[in-house]
Each structure stands twice: as C-alpha cells, then as structure tokens.
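Breakdown of the fold
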Amino acid sequence: MITTKESTQQKNPFAELCPCGCFDSFQKNQGDIIKEFTHWFLILNHQQGFMGRCLLILKAHKTDEIELTEEEVLEKHKIYCIWRDAVVGAFSPDKINQAQLGNEEHVHKGHLHWHFVPRYRRPIFFEGTEFQSDTKDSQKVNFALVDKRIIHPPELRAKIKEELLKYL
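A brief structural summary.

About the cut-offs
- Residues numbered from 1 in each chain as written.
- Predicted model: local features only at pLDDT ≥ 70, side-chain atom pairs only at ≥ 80, totals over all residues.
- Heavy atoms only, no water.
- Salt bridge = Lys/Arg side-chain N within 4 Å of Asp/Glu carboxyl O.
- Helix = DSSP H or I, 4+ residues; strand = E, 2+ residues; numbered from the N terminus.
- Buried < 20%, exposed > 50% of the residue type's maximum accessible area, 1.4 Å probe, protein only.

Let's shift gears to the pattern of salt bridges. This model, assessed by the stated rule, comprises seven salt bridges. The partner of K62 in a salt bridge is E72, with the nearest N and O atoms 2.7 Å apart. You can see K62 sitting in the loop between β3 (54–58) and α3 (70–91) and its partner E72 sitting in helix α3, a full 10 residues away along the chain. For K62, a relative accessible area of 14% corresponds to the buried category. Here E127 makes a salt bridge to K159, at a shortest N to O gap of 3.4 Å. Taken as a pair, E127 in the loop between β6 (124–126) and β7 (129–131) and K159 in helix α6 (residues 154–165) lie far apart in primary sequence, 32 residues in all. The partly exposed category is assigned to E127, whose relative accessible area is 48%. Judged by its relative accessible area of 38%, K159 falls in the partly exposed class.

Our focus in this paragraph is unusual backbone geometry. In this structure, S92 is a non-glycine residue whose phi angle is positive, near 50°. Of note, the phi angle at E127 is positive, near 50°, even though the residue is not glycine.

Quick look at the structure:
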C-alpha cells in the first residue's frame, strides 16, 4: 500500500477557511468552528473563562479595518448580531464586550479578527462547571487584568458550542 504525505496528515479546516495560514496554529481547535460565512468564520475561543467567548476571523488576509470592503463590514455586523442573539438565548450574559486587539502578532501576523466576550455579573454555571463572572471591583479594571485565560477541555467546549448552535 502506497501512502502519500497528504493522506497521512489530518486535514486542517483552518487552512481552507483562512488560506494565508495565519490561524493554522488553531488546527487542534477545529472542533470549535461554529459557522462559516461568506467572508468570515466564527469559532468558539478555546479560552472560555467567560462562557460563550468567540472569535470572528476574516477569511482574507487583511491587517487593518480600513482594508475591509463594505460587504465584509456589513457581514461582520450581521454575524455579531446573530452571535449576540445566540449567546443571550443560551446563557443570558449581563453585558457583551467586543474587541479588535491584534496584540499577538506572533500568533496570527496581525490578521483581522474580533473577540466577542459575554460578561456575567453573577456566578455562572454550565455542565457542573463554574465560569468567570465579574465583581464590582473587576468591572473597574482592564479586561486583560481580569481574564483568567482558562482553557476548558474540548468536551466541555463542544457542549457550549452545541448550546449556542440551538440559538444560531
């Protein structure tokens, strides 16, 4: 039996969704892909400190929002609204944060993406796990100082994704 290098390697869906390779390091998180759109794809962030946190990643390699076409901008807004409705339906966050940071260029070469972060002002539990919630003190400081960067197991992330998909 003859095997090729391609047949022995796992297929990387991020290479198809984002052909520039900027998010190839996410290959191990391929189960976190929630939905593909025309210009973007939505994935569940592997860091689920704040339950329901997602990334919206542009398929085309662009590094500044000024480079976006009108069609890409409109689709981004529609996806945010769809995601927001889903996370509210699934988990009822008290607030939603949205950020375009671009501060980890060593990971993604500055490739445009947004962080959608639901915030909870009360203890939040799902599948027997307690997730991060804000306190009056943590609401007053920068997100980077309160984000616990907790990476939950793929099985738990799959259940979070499944819950979001019920409302997507």
